[in-house]
Amino acid sequence: DLPEILILAQYYLMLSFPEKKFLLYGENNYKLLTFDLFRMYDFILLPNFELPKLIDNSINVLLNTYSLSEMDKETVAAYFKIINRVVTQYFYSENSNKAVSKFDVHIEIPVEDFPINLQRFERVYQKKAVWLGVDRYLEELYKIR
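Residues numbered from 1 in each chain as written. Predicted model: local features only at pLDDT ≥ 70, side-chain atom pairs only at ≥ 80, totals over all residues. Heavy atoms only, no water.

(A) Region of interest: the sheet that holds strand 4 (residues 87–96). Judged by pairing direction, the sheet is mixed, and its four strands sit side by side in the order 3-4-8-7 without closing on themselves. Every interior strand has two partners, whereas the edge strands, strand 3 (59–65) and strand 7 (121–128), have only one. Across the sheet, the axes of successive neighbouring strands diverge by a mean angle of 10°, strand direction being ignored. Of the pairings in the sheet, the one linking strand 7 to strand 8 (residues 137–144) comprises seven bridges and is antiparallel in character. Paired with Arg 123 across the two strands is Tyr 142, which belongs to strand 8. Set on the sheet, helix 3 (residues 73–86) makes contact with strand 3, strand 4 and strand 7; between it and strand 4 the angle comes to about 145°. (Pairing = 2+ DSSP bridges. Helix = DSSP H or I, 4+ residues; strand = E, 2+ residues; numbered from the N terminus. Axes fitted to C-alpha atoms, helices over the stretch in contact; angles between N-to-C directions. Contact = heavy atoms within 4.5 Å.)

Given below as structure tokens:
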């Protein structure tokens, strides 16, 4: 997530799970996020710029809600380069299904334009997302073929 959001998330999670072991950004001088590192911690909280350090096929379930559509095409492509490489089981998404103009500076990227590798993933379902009460969002679940 964004570093500012992680500060709040880590505070909440550490209060909620005081017995768990956390790896917070900057506490370990890792070059790659390896399976050995994953085994050492219950929670690993990473800022978005650390995601390229994830090793291939290292994440069972990855989810994104209400943010991919708000990014520019290059950033979405960079995220999907990682998603397509690291997910081993499922990718869950809730994002916009329409190219809506936001603040006259950005047009949302619809989920149908996301560069998910359909040779690697298959869509389990796609339906209207119910959480925001706005009909332009879709909930999708993909699984590895």
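(B) Representation of the nonpolar core in the model. Within the largest apolar cluster, 27 residues are counted, with the highest numbers of intra-cluster contacts made by Leu 54, Phe 80 and Phe 91. Mapped onto this core, the elements with two or more residues apiece are strand 3, helix 3, strand 4 and strand 8. No other element matches the six residues that helix 3 contributes to this core. Setting aside residues no more than four positions away along its own chain, Phe 91 makes contact with Leu 62, Asn 64, Leu 68, Phe 80, Ile 83, Ile 116, Phe 121, Glu 140, Leu 141 and Tyr 142. Leu 6, Leu 13, Phe 22 and Leu 45 belong to the second largest nonpolar core, which has five residues in total. (Core = buried A, V, L, I, M, F, W, Y, C linked by side-chain atoms within 4.5 Å. Buried < 20%, exposed > 50% of the residue type's maximum accessible area, 1.4 Å probe, protein only.)

(C) Summary view of helix 3. Spanning 14 residues, helix 3 covers 20 Å between terminal C-alpha atoms, matching the ideal 20 Å at 1.5 Å per step. Residues of helix 3 that are buried: Val 76, Tyr 79, Phe 80, Ile 82, Ile 83, Asn 84 and Val 86. Next to the buried residues of helix 3 lie strand 3, strand 4 and strand 7. Sitting at the amino-terminal end of helix 3 is Asp 72, which places a side-chain oxygen 3.2 Å from the backbone nitrogen of Glu 74. (Expected span 1.5 Å × (residues − 1). Polar contact = N/O pair within 3.5 Å; in protein donor to acceptor, adjacent residues only side chain to side chain.)

(D) Representation of the packing of aromatic side chains in the model. Counted by the stated rule, this structure contains eight aromatic pairs. With 5.3 Å between their ring centres and 40° between their planes, Phe 80 and Phe 114 make a pair best called tilted. One end of the pair, Phe 80, is in helix 3; the other, Phe 114, is in the loop between strand 6 (106–107) and strand 7, and 34 residues separate them in sequence. Overall, the relative accessible area of 8% leaves Phe 114 in the buried class. Relative to Tyr 142, the ring of Phe 91 has its centre 6.3 Å away and its plane inclined at 25°; by these criteria the two rings are stacked. Taken together, the residues span a long stretch of sequence, with Phe 91 in strand 4 and Tyr 142 in strand 8 at a distance of 51 residues. On the accessibility criterion, Phe 91 (1% relative accessible area) is buried. Its relative accessible area of 3% is what places Tyr 142 among the buried residues. (Phe/Tyr/Trp six-rings, centres within 6.5 Å; stacked < 30°, edge-to-face > 60°.)

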